[in-house]
Amino acid sequence: MTSWIEAVPAFAVAVLILAVPGAAVLAALRIRGLIALCLAPAVSVSVLAVSAIVAPMIHLRWGIAVVLLGTAIATGAAWAARRYIPALNSIEAASGPRSRVGLTAGIIGALTALAITTLLLMLVAPTPEQFTQGYDSVFHLNATAHAVETGNASSFAVSSFILPTIQSSFYPGAWHGLVSLLVIVTGISVPAATNLMWLAVAGLVWPLSGMFLTRVLFGARPLLLVSAGALAAAFPAFPWLLLQYGSAYPNALSNALVPVGIALVLLILRPANHHGLEPAQALTLVILFLPGAITAQPNGVFSVLLVLTPLLAYLTYSWLRAGFGRSRRTGWLRIALLLLAAAAATAALLTLPQIRSLFSYTSPAFLFFPLALIRNFTHAPAPIWFPALALTALVLIGLRTGFRRPGLRWLPAALVLLALTYPLSAGTNFTPANIVMAPWWDNPERIAALMPLLAVPLAALGLVRLVDWLGTKGRARNLSPALWQRKGKVAAAASLAVVLAVSNPGLWQMKGQVEIMYEVPPEPNGLAQIDAQELALIHRLGNYTTADDVIANNPYNGSALAMVLAGRHMLFPYSSQGDLNSDLYTLRFWLNRVGSDQDVCAAAKRQGVTYLLDFGTDYIPAFNDPRSLYPGITLAADSEAFTLVASEGHAKLYKLTTCGGVKL
């Protein structure tokens, strides 16, 4: 696939994967129009993720048949719930001209965001086959390739290629399920499928989710919806920062769904203030939302709670106060119940090793706390330094306008809370701050990506207020009234949003940083996973090796990418591979002795090692010195056990020709 034009059919399939399962379930619940458009991706992710988990249990390979079966079962369950649960059966589906207008506005907003996102992606990646060279890219690309090869995209199996001694371990695999399904259905490469699915998530799912939250917070005015959709593409902190940092694809999918979770909880907690769905429908959709949220990246659930913390704190306070209003005994009983529930939830979470491991990560402060606060509030987190002043102004205008509406007094506190998260991670080494930010690994980039969750709907409201004000001024000056009719205002809002995005220096700075991540340098530069020489040799591996060969490698020099790019079995397919069997330990430290040491030779034979891929000692940035992590691999090329069979510049491929003193 050499051009983005060639990728259009595969992109259409990616959109269908994200739309059809959810649309079928929502149709069974008689949810239509704009709301169905916005919610379909979140429900689809849940259906696909659960189907991927169940498939190996019933001995089915991951593929379109599993998806159709899972969709049919979920749709049937939704139909039964609608028919037999009175609270759902009594709700009529919204329809009519007004509903169609909202749907049209949603489509316009989403397509505007998609156009901006597509343009930037095409500028940073010349072809869909390009891949980002972030630290996490190796794992996510190889995990997807593993899911395709094994026909298993379960969240309990997607990481098994780096866990030789563990039978089953949970890792959020919804992203890998989506991308591997796209590969299976279309036959395109994993890197191309990764780019196209990211574009579908960033360019469509994210703006649709933002529009749904905007609708729930501020109403269904078409001008507002178009503004929210278009402005979703204007903030560099999301989705671009997660692509630039490590290529955190699962976290990007999770973040794109978070606005849906926030909106659904609001519909349940405050049905008098927020409209669009009845509480029973919202509760049903929360049940449908959670599997996808958890298997995309569990910190999405914490993100929902973070944004709603001020509201939840106020409701909790009101509940306790009402209890004391009845009697002191009732009040203290409610406090006891609250503490017991909090303790039980904390204990249950801490029983999970994945949750406990979050507290082992801390990011050292690298910004002055007030500077980090300003940069976060003005949507300019590192590596961006130019503040988005226009977007910040719109957010403040929207905040002032929204604060006056019933039931939205919690919004300023929520925005302040989000503004403080980034400086807590990037601007302090305070241990309690590290603990609070643990759900996001105390990682500044993941945390900075939270700010647009509220900034998008607030900026949209601010843009609407600005357009209305311009319309009032235009009429006062006897300008053409037709210009400021409904269609004229929608066009004006969409145009202003595009101008704000395109003229945002921070977004173009981010474009430059992402472009670096996609670049394949001509020679080692200390940043990229692989350079042009190494990539050329990877593409030639099929001339010398077979799919049954196992190739020894030091994963810190980018050689692990041969798994996804050449379809070869790598001895060490990921750099941060914490689980190794005894043979892997032996080869990691002593492979250079394989020619003479019987024990090392036996380990190599058991692991099937036949080749060595040597990309030198230009290692990617890592937590520890890769020389000491893989000394046996590093020194093996200089041993007499290996014979050079191919090279491309400094990149070399060796064949194991002597093992335990015996010629092979």
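Throughout this document, residue positions are counted from 1 along each chain, in the order its sequence is written. Local features in this predicted model are restricted to residues of pLDDT 70 or higher, and side-chain atom pairs are both shown and tallied only at a pLDDT of 80 or more, whereas totals for entire chains, interfaces and linings draw on every residue. The basis for the side-chain values is all heavy atoms of the structure; hydrogens and waters are excluded.

### Considerations on the state of the cysteines
Then, number 1: Cysteine sulfurs are considered disulfide-paired once they come within 2.5 Å of each other. Under the counting rule described, the total for this entry stands at 1 disulfide.
Then, number 2: Paired through a disulfide, Cys601 and Cys659 show a sulfur-sulfur distance of 1.9 Å. The chirality of the disulfide connecting Cys601 with Cys659 is right-handed, given an S-S dihedral of about 120°. Of this pair, Cys601 sits in helix α28 (residues 598-607) while Cys659 sits in strand β6 (residues 658-659), placing them 58 residues apart in sequence. Accessibility assignment for this pair places Cys601 and Cys659 in one class, buried. Under the DSSP-based scheme used, a helix requires at least four consecutive residues in state H or I and a strand at least two consecutive residues in state E, with every element numbered from the N terminus. Only protein chains enter the calculation, and the probe is 1.4 Å; a residue is then buried if its accessible area is under 20% of its type maximum, exposed if over 50%, and partly exposed in between.

### Details of the pairing of strand β4 (residues 642-648)
Then, number 1: Two strands qualify as a pair provided DSSP detects at least 2 bridges between them. Strand direction decides the pairing type here: β4 and strand β5 (residues 651-656), joined by 6 bridges, are antiparallel. When the sheet's bridge partners are listed, Ala646 is paired in β5 with Leu653.
Then, number 2: Hairpin connection between β4 and β5: a loop of 2 residues separates the two successive antiparallel strands, and Gly649 in this loop has a positive phi of roughly 65°.

### Focus on helix α27 (residues 582-590)
Then, number 1: Among the residues of α27, those classed as buried are Asp583, Leu584, Leu587 and Arg588. Projected down its long axis, α27 shows its buried positions confined to an angular sector of 135°, all on one face. Directions are taken from the helix axis to each C-beta atom, and the arc is the one they span.

### Notes on the nonpolar core
Then, number 1: Counting 215 residues, the largest nonpolar core has Phe212, Leu264 and Val594 as the members making the most contacts within it.
Then, number 2: For this core, the element with the highest residue contribution is helix α8 (residues 190-218), accounting for 20 residues.
Then, number 3: Excluding its chain neighbours within four sequence positions, the residues that come into contact with Phe212 are Ile35, Cys38, Leu39, Val260, Ala263, Leu264, Leu267 and Leu277. For our purposes a nonpolar core is just a set of buried Ala, Val, Leu, Ile, Met, Phe, Trp, Tyr and Cys residues, chained together by side-chain atoms within 4.5 Å. The contact criterion used throughout is that any non-hydrogen atoms of two residues lie within 4.5 Å.

### Here we look at the pattern of salt bridges
Then, number 1: A side-chain nitrogen of Lys or Arg and a carboxyl oxygen of Asp or Glu constitute a salt bridge if their distance falls within 4 Å. The final tally for this structure, using the stated rule, is 5 salt bridges.
Then, number 2: The salt bridge involving Arg540 is made with Glu648; its shortest N-O contact spans 2.6 Å. One end of the pair, Arg540, is in helix α25 (residues 532-540); the other, Glu648, is in strand β4, with 108 residues separating them in the sequence.
Then, number 3: Glu648 gets classed as partly exposed once you look at its relative accessible area, which sits at 25%.
Then, number 4: The partner of Asp583 in a salt bridge is Arg606, with the nearest N and O atoms 2.9 Å apart. On the criterion of sequence distance, the pair formed by Asp583 in helix α27 and Arg606 in helix α28 is long-range, its members being 23 residues apart.
Then, number 5: Its relative accessible area of 9% is what places Asp583 among the buried residues.
Then, number 6: A residue is classified by how much of its surface remains accessible, and Arg606, at 57% relative accessible area, is exposed.

Function cannot be read off these values alone, since they describe shape.
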